[in-house]
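As a plain string of letters, each chain reads:
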Amino acid sequence: MTDREILERAAGWSAAGRRVALATVVATWGSSPRPPGSQLAVSERGELAGSVSGGCVESAVAQEALEVLRTGAPRTLEYGVTAERAWEVGLPCGGRVRVFVEPARADALARDAGALRARERVERVLELGGGETFRLVLEAPVRLVIVGAVHLAQPLARMAEVAGYEVRLVDPRPVYATEARFPGVPVERAWPEEALARIGLDARTAVVTLSHDRKLDDPALAAALRSPAFYVGALGSRRTQAAIRSRLREEGLGEAELARLHGPVGLDLGGEAPAELAVEILAQLVATLRRAPAPALAPGAAAGATDP
């Protein structure tokens, strides 16, 4: 679950009159499945949203959260295990994790959930006791805007949603952008200039053009490359990419902006089927977002390398 989904679930419980506790990972040592800042919301009924670890650690934290709700007093928990006992308590490779558990205020949950919904950063300082503090930063969900409701967009949208991305689809052609083909995916049935301006492209947004129609792809790429979007990718062969770049230069884009364009889009994993190409695109998105070095592309072998 994303940070926003956790807070929205917690805010919903609170709005329904149930008390809620928030558990936050504030430190880890060795191997831990969840990084600092990860959260678990626990309602007084024992409902859970999010994760701070797994296995018995999760269960133990949930029990402690119920006690925090009973007493109203925050507490800091620490779990540490040897590698031999790691699987028993949910720390797969051993290590330690420190978790801060606090009762949550209804107004704060609603405020923070609303901020993330508006794609604003949420920052809090947790008072851990003994003069110790932890600065919690929650970011808006990473978003993927797909231009072109083509066949490849279907597995890409599903996989991106599973990976925690908010997916938006842009295509003015009603025959392609249908609920039957893209169930549950928000669709902007407008031309890219209008749709992307309405969506708003920020530093946690990726844009991928798949339509293979210059009337859709070119304006979308121009807007995305001029925006803070962390990733911009275009489907098409190297010959097609050269033509795209030539047209974008004519639109006034400079070499620094064009250098941000990933094309042919995706990592070279040897994929052929649409679902495999979707994996290649999503892998490159993750690598770019996490600043991991991306494998070199083999000439003509990346996703979209062959013109239809």
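This text goes with the structure placed above it.
Our subject in this report is the structure included herewith. All values derive from a computational prediction rather than experimental measurement.

Thresholds, definitions, all that
All residue numbers refer to position in the chain's written sequence, counted from 1. Per-residue local features are limited, in this predicted model, to residues with pLDDT of at least 70; the limit for side-chain atom pairs, both in listing and counting, is 80 or more; totals at the level of whole chains, interfaces and linings are taken over all residues. Derived side-chain values reflect all non-hydrogen atoms in the structure, with water molecules and hydrogen atoms excluded from consideration. In this text, helices come from DSSP runs of H or I with a minimum length of four residues, and strands from runs of E with a minimum of two, each type numbered from the N-terminal end. Here's how the labels work: a residue is buried when its accessible area is under 20% of the maximum for its type, exposed when over 50%, partly exposed in between, all with a 1.4 Å probe on protein chains only. In this analysis, two residues are considered to be in contact whenever any of their non-hydrogen atoms come within 4.5 Å of each other. To measure how exposed things are, a 1.4 Å probe is used in the Shrake-Rupley method; for residues, cover is taken only from the protein chains shown. Expected span of a helix: the number of residues minus one, times 1.5 Å. Arc definition: directions from the helix axis to the C-beta atoms.

Here the focus is the overall build of the protein chain. Helix and strand counts for the protein chain stand at nine helices and 13 strands. In the protein chain, which comprises 308 residues, the proportion classed as buried is 50%. A sequence separation of at least 24 residues applies to 61% of the contacts in the protein chain between residues at least 6 apart. Only carbon and sulfur atoms are counted for the fraction: they give 53% of the accessible area of the protein chain, which is about 14,200 Å².

Here the amide bond leading from Gly 263 into Pro 264 is cis, since omega sits at 0°, within 30 degrees of zero. Inspection of the secondary structure puts Pro 264 in the loop between strand 13 (261-262) and helix 9 (274-289). Positive phi, close to 65°, is recorded for Arg 119, a residue that is not glycine. As for its position among the elements, Arg 119 is in the loop between helix 3 (106-117) and strand 6 (122-129). Positive phi, close to 65°, is recorded for His 212, a residue that is not glycine. Relative to the helices and strands, His 212 is located in the loop between strand 11 (205-209) and helix 6 (214-225).

A rise of 1.5 Å per residue sets the reference length of helix 7 (residues 238-250), with its 13 residues, at 18 Å; its end C-alpha atoms lie 19 Å apart and thus fit the reference within 8%. Every buried residue of helix 7 is listed here: Thr 240, Gln 241, Ile 244, Arg 245, Arg 247 and Leu 248. Summarising the axial view, the buried residues of helix 7 lie within an arc of 165°, below the 170-degree limit, and thus occupy one face. Turned more than 90 degrees off the buried face of helix 7, the exposed positions are Arg 239 and Glu 250. The secondary structure elements touched by the buried residues of helix 7 are helix 6, strand 12 (231-234), helix 8 (255-258) and strand 13. Phi for Gly 252, located one or two positions after helix 7, is positive at around 100°.

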